[in-house]
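Survey of secondary and tertiary structure
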Amino acid sequence: MPKKNLYIETYGCQMNEYDSDRITAALDAVVTDDPKRADVIIVNTCAIRDKADQKAFSSLGKYKHIKAKNPDVIVGVAGCVAQLYGDSMLKRMPHLDFVLGPRAIPKLPEIISDIERKKIRTVETSYDIEELFDVEPYHKAGEVTGFVSVQQGCNKRCTYCIVPYVRGDEVNRALEDIITETENLVNKGVREITFIGQTVNSWKQKGYKFGDLLRAAGDIEDLERIRFTTSYPRDITKRMIDAMKDVPQICPHIHLPVQSGSNDVLSKMNRTYSREWFVDTVNRLRDEIADFAISTDIIVGFPGETDKDFEETMTLLEEIRFESAFSFIYSPRPGTPAAEISGDECVEKEVASTRLAQLQQRQSDITFENNNNRVGTIEEVLVEGPSKKNENFVTGRTTQNRITNFMGPQALIGSVVKVKITEGLQNSIRGELVV
Ligand code: SAH
Ligand code: F3S
């Protein structure tokens, strides 16, 4: 049978990007960037905030006409929105053939062949724990970085977050399987891997802890760099910090969502740490690991957030000086405890927008200042590809995860080179190749 043409649109986090590559591999498909030429069209969706959720429906709506012209094309929805709304999506969108939850990807080939043979519409939101991590992602030739999933789901219960409801409880993948998948990627030319999980550093399996996994990855030959995301603050352990100190391939960077600088808000969010504890933990990481970088996530406008609470988030920015921060306006999600709160407790939309703008402005200045502080240093950069703007330039990232552009031949792609930093910009830095 000839391979199928797959058009896949991906929204959301790295886990979704990874899952889209697994979908491609599961179908053994050829990826096309033209939906009109596709045999199968899939939108892999994100439900984290209301906007992302709406986006899923509007994206799917675009394929109604293609389906009307060509009834043989199979149109499906995957990801967290699929899990959240299940079969109501089939009712709402008559051109949809299937709804596939994020844990059901290994079942996809069978679903597609059933649709082809029996012309039935399918909803699959259940899963088989034995096959949860089956199907390794499709790897695009020439890519020097890659993701490896070490965990699915989440055992925390932050009161605003829908992830545990759509991706289920935490399930950790076997150490041997993680290492084998990483080795396979390295054999295909990957030089940097990022272990991914919702609370990646809570990974544990058969007596092994996250620090042991990092050390095992450090033994893989020709793997130049190890990263991981997203870390949960309270799951940082001595074993993890020691591994980061001892294994030179582990990059000195952590993505550590803080969410708020106010203890009242942190407690209402059920984040299980205080502002003071978070600051102490950051100080400990900075003391123990040389030249350490920290990025974060912040939510503004959580129910009950007062001006004073928000001010505390602003002072936390000054106290920590994150390298970068992703920040969002709180969005109530169906089924979460925080979504039950209504009335006066809720922060008005305009107030939340003003707070977000203020926070983003301050963080963007701090990021710019931090980038400028790198000028004059010599950094190791893994070259990932040609620069988008200038064909004589290549692009990569420093160990601290700063995007770095510099003049150099494409032959450098895949190698780690030394670059002297000459200029700090808003979202990246520039430098010169040191030879
Ligand atoms: N552990 C996860 C976190 C998932 S969500 C990970 O792998 O990244 C990513 C970020 O989205 C969170 O850190 C939080 O800052 C934000 N977020 C989650 N739920 C939200 C909501 N209901 N409203 C606004 N932002 C939210
Ligand atoms: Fe969500 Fe909190 Fe887990 S933000 S993914 S419930 S750690």
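Residues numbered from 1 in each chain as written. Chains lettered and ligands numbered in written order. Predicted model: local features only at pLDDT ≥ 70, side-chain atom pairs only at ≥ 80, totals over all residues. Heavy atoms only, no water.

1. Examining the domain arrangement of the protein
Our working definition: Throughout the structure description, domain borders are defined by an automatic or database domain assignment. In what follows, residue pairs with any heavy atoms lying within 4.5 Å of each other are defined as contacts. Just to be clear on terms, a salt bridge is a Lys or Arg side-chain nitrogen sitting within 4 Å of an Asp or Glu carboxyl oxygen. Numbering of helices and strands starts at the N terminus; helices are DSSP runs of H or I of at least 4 residues and strands are runs of E of at least 2.
On domain assignment, one finds that the protein holds domain 1 (5–124), domain 2 (145–372) and domain 3 (378–433). Between domain 2 and domain 3, the C-alpha centre-to-centre distance is 25 Å. Taken together, the contacts link 19 residues of domain 2 with 18 residues of domain 3. On inspection of domain 2 and its partner domain 3, the count reaches two salt bridges. For Arg397, the salt bridge goes to Glu192, with nearest N and O atoms at 3.0 Å. Within the residue set of the side of domain 2 that touches domain 3, elements represented by two or more residues are β13 (225–229) and α14 (349–372). The greatest single-element share of the side of domain 2 that touches domain 3, amounting to six residues, is contributed by α14.

2. Remarks on the pattern of salt bridges
Pairing is possible between side chains that carry opposite charge, provided their charged atoms lie close to one another. Threshold: Throughout, exposure labels follow a simple rule: accessible area from a 1.4 Å probe, protein chains only, divided by the maximum for the residue type, with under 20% read as buried, over 50% as exposed, and the rest as partly exposed.
Under the criterion given, the structure shown has 36 salt bridges. Linking Arg157 and Asp169 is a salt bridge whose minimum nitrogen-to-oxygen distance equals 2.6 Å. Taken together, the residues Arg157 in the loop between β8 (151–152) and α7 (163–167) and Asp169 in the loop between α7 and β9 (171–172) connect sequence positions 12 residues apart. A relative accessible area of 45% places Asp169 in the partly exposed class. Here Arg355 makes a salt bridge to Asp307, at a shortest N to O gap of 2.8 Å. One end of the pair, Arg355, is in helix α14; the other, Asp307, is in helix α13 (residues 307–320), and 48 residues separate them in sequence. A residue is classified by how much of its surface remains accessible, and Asp307, at 57% relative accessible area, is exposed.

3. Looking at the pairing of strand β3 (residues 40–45)
Quick note on the threshold: The rule for pairing is simple: two strands pair if DSSP sees at least two bridges between them.
Counting buried residues in β3 gives six out of six residues, a clear majority hidden from the surface. Of the two faces of β3, the one lined by Val40, Ile42 and Asn44 and the one lined by Ile41, Val43 and Thr45 are each fully buried. Pairing analysis gives six bridges linking β3 to strand β4 (residues 74–79), with the strands arranged parallel. When the bridges of β4 are listed, Val40 appears paired with Ile74.

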